[in-house]
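# Inside the fold
Below are the chains, spelled out letter by letter.
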Amino acid sequence: MPLSRRSFILAGVAGVTFGSLRWALAQPAERVIPVVARKFVFLPNEIVLKRGEPVTLEFTAPEVVMGFSVPALKLRTDIIPGQVARLHMVPETEGTFDFLCDIFCGDGHEGMTGRLIVTA
Amino acid sequence: MHRSINRRDFLKLTGLGGVVFASGLAGGASYAASKASDFHFVQLSDSHWGFSGPAVNPEAGSTLKRAVAAVNSLAMPPDFIIFTGDLTHTTDDPQIRRTRMREFKAIVADLNVRNIHFLPGEHDASLDHGAAFQEFFGPTHYSFDYQGVHFVVLDNVSDPAARVGEEQLAWLKSDLTRHAKDAPIVVLTHRPLFDLAPQWDWATRDGSQVVDLLMPYENVTVFYGHIHQEHHHMTGHIAHHAARSLIFPLPAPGSQPKREPVKWDPEHPFRGLGFRSVAEDDAGRKIAIDERPLAGG
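Predicted, not measured: the structure shown is a model, and the values here were computed from it. The numbering scheme is per chain: residues are counted from 1 as the chain's sequence reads. Chain letters and ligand numbers both follow the written order, the letters beginning at A and the numbers at 1. Reporting in this predicted model follows two pLDDT cut-offs: at least 70 for local features of residues, and 80 or more for side-chain atom pairs to be given and counted; totals over whole chains, interfaces and linings ignore these cut-offs and use all residues.

Let's shift gears to the overall build of chain B. Helix and strand counts for chain B come out as seven helices and 12 strands. Counting only residues that meet the buried cut, chain B has 49% of its 297 residues in that class. Within chain B, contacts between residues separated by at least 24 positions form 74% of all contacts whose residues are at least 6 apart in sequence. Only runs of H or I of at least four residues qualify as helices and only runs of E of at least two qualify as strands under DSSP, and these elements are numbered from the N terminus. Put simply, a residue is buried when 20 or more other C-beta atoms lie within 10 Å of its own C-beta and exposed when 12 or fewer do; between those, it is partly exposed, and each C-beta is set from the backbone. C-beta atoms are first placed from the backbone for all residues, and any pair lying within 7 Å is then listed as a contact.

Below is the structure:
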């Protein structure tokens, strides 16, 4: 029985949708890691990543302007209250990398640090 | 006040059992001999007045006063004194910040030497962009000349992101162009102008641009604070010397995971704290540094 024009279009849409789903299943969704920067701590202050895994760090600062900096990876962003700051990265090197707040935020700023751990 | 003394007496009186650094080039003293005379100044840094932490300094209320007394007792009074920042410990409260600055100023008023130059540290200036500091101590960047040596005071702390900034860089460039390439130049600032330990916030974000501006000048020395310990480093021909603190020492750059103050040792009170005397000799071409510990006095 020949397909009507409407049935053909629906079948095509279903095909495209199914194809997209298959692609989505084949590709791991990029991990998003929320990080809160508040006086005087990053939450979390230890972030574990896998080498080669694309990831987005999503920062918020509820109080004052903060900075997130990983000097060894030359990676940094300002974190402005009321905005979300994002850093996309694909870690290429295994190891432990210190990060810190690099915008002076008060008495306790010096202890506002953490570690980025990239595993195999 | 400049005193006329011979070189041997000068070295002796300023304590040059310490380290002597040759600044600039050995030859081509065209600028030097007739224009500048020997003198010395004292660098005090990081007194953090208002800090409270008995585990690292149970004598926080008296350490600055002890330093003032020590400077006043020097055999030869310095020509002038510089404070390279973090005069006070930070606070979120603008009134407490001003109280601390007022108290600090009253304590250092007991110094016998009246010619004193101040610059801010991040604890003084980063939370209000230098507003309170300017009320009490004046501009946060400026230059002055003394006995043929050009002194440049740079502010790398009023911006909480530790930038000198485009405006000040332009000012510095303009200030330097008035001087010969072989003029003796001393830069005073708070943070290191090079990446000493960025993971500990021991850097200036645009410090390399400052160094680039200084690099054409043959005879430049930088004195700074911030890291609470004596440290010496060269970027090309430019020497950078960090001073001890007057509140608590910090560990050597990158020597341990966290940048935590060194604990107070009751067996050795005031250990690691001190100030320095800097002698400008050979018309600013030789810098002699004498570290003066507060301990044991």
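Next comes the rest of the description.
Turning to the sheet that holds strand β4 (residues 55-60) of chain A, a few remarks are in order. Residue and element names in this part refer to chain A. Judged by pairing direction, the sheet is mixed, and its four strands sit side by side in the order β2-β1-β4-β7 without closing on themselves. Pairing within the sheet leaves two strands with one partner each, and these edge strands are β2 (41-43) and β7 (85-89). In this sheet, adjacent strand axes meet at a mean angle of 25° when their direction is disregarded. The criterion for strand pairing is that DSSP finds at least two bridges linking the strands in question. Where strand β1 (residues 31-38) and β4 come together, six bridges link them in parallel fashion. Paired with V35 across the two strands is F59, which belongs to β4. Helix axes are fitted to C-alpha atoms over the stretch in contact, other axes to C-alpha atoms as well, and angles between N-to-C directions run from 0 to 180 degrees.

Taken together, the contact pairs 14 residues of chain B with 12 residues of chain A. Any residue outside Ala, Val, Leu, Ile, Met, Phe, Trp, Tyr, Cys, Pro, Asp, Glu, Lys and Arg is labelled polar, Gly included; the first ten of those are nonpolar and the last four are charged. Residues that form the side of chain B that touches chain A fall into these classes: five nonpolar, four polar and five charged.

Looking now at the sheet that holds strand β7 (residues 184-188) of chain B. All names here are of chain B. Strand order in this open sheet of six strands is β5-β6-β7-β8-β10-β9, and the pairing throughout is mixed. Looking at strand neighbours, the two that pair on one side only are β5 (142-146) and β9 (231-235), the edges of this open sheet. Strand-to-strand, the axes of this sheet are offset by a mean angle of 20°, without reference to chain direction. Sheet topology places β9 next to strand β10 (residues 238-242); five bridges connect them, and they run antiparallel. In the strand pairing of β10, M234 is matched with A239.

Our next topic: the environment of V211 of chain B. Residues and elements named next belong to chain B. Topologically, V211 is positioned in helix α7 (residues 207-214). Sequence spacing of V211 and T235 is 24 residues, and the spatial spacing of their C-alpha atoms is 8.0 Å. For V211, the residues in contact, after removing those within four places along its chain, are L193, F194, T235 and I238.

This brings us to the nonpolar core. A67 and V187 of chain B are the most contacted members of the largest nonpolar core, which totals 65 residues. Residues contacting A67 of chain B, with those up to four places away along its chain left out, are L44, L246, F275 and L294 of chain B. By size, the runner-up hydrophobic cluster in this structure holds 20 residues, among which are F42, M66, F68 and I79 of chain A. Only buried residues count toward a nonpolar core: Ala, Val, Leu, Ile, Met, Phe, Trp, Tyr and Cys, linked into one set through C-beta atoms within 7 Å.

With that out of the way, let us pick up α7 of chain B. All names here are of chain B. Listed in full, the buried residues belonging to α7 are G207, V210 and L214. For α7, the buried positions fall inside an angular range of 55° around the axis, keeping them on one side. For α7, the secondary structure elements touched by its buried residues are α6 (166-177), β7, β8 (219-224) and β10. This arc is built from the directions going out from the helix axis to the C-beta atoms.

Our next topic: unusual backbone geometry. A cis amide bond links K39 of chain A to the next residue, F40 of chain A, at an omega of -10°. Its place among the elements puts F40 of chain A in the loop between β1 and β2. In this structure, P44 of chain A follows L43 of chain A across a cis peptide bond, with omega equal to 0°. Looking at the secondary structure, you find P44 of chain A in the loop between β2 and β3 (46-50). Within the chain, D46 of chain B stands out as a residue other than glycine whose phi angle is a positive 50°. Here D46 of chain B lies in the loop between β2 (39-44) and α2 (63-72).

Quick look at the confidence of the model for chain B now. All names here are of chain B. The pLDDT value expresses, per residue, how confident the predictor is, ranging between 0 and 100. The predicted model of chain B averages 89 in pLDDT, with 86% of residues at 70 or higher. In the model, residues 1-8 has pLDDT below 50 throughout and makes eight contacts with residues more than four positions away in sequence or in other chains. Note on residues 23-36: pLDDT is under 50 here. Beyond four places in sequence and across chains, it has 27 contacts. Predicted as a complex, the structure gets a pTM of 0.87 and an ipTM equal to 0.87.

Residues and elements named next belong to chain B. Axis separation between α6 and α7 bottoms out at 10 Å; the angle between their running directions is 15°. In terms of orientation, α6 and α7 fall into the roughly parallel class. For the element pair α6 and α7, the recorded crossing hand is right-handed. Here L169, L172, K173 and L176 of α6 come into contact with α7, specifically with Q209, V210 and L213. A per-class count over the contact of α6 with α7 returns five nonpolar, one polar and one charged. Roughly parallel covers angles under 35 degrees, roughly antiparallel covers those over 145, roughly perpendicular covers 65 to 115, and oblique covers all other angles. By convention, the crossing between two helices is left-handed when the near helix turns anticlockwise from the far helix through less than a right angle, and right-handed when the turn is clockwise.

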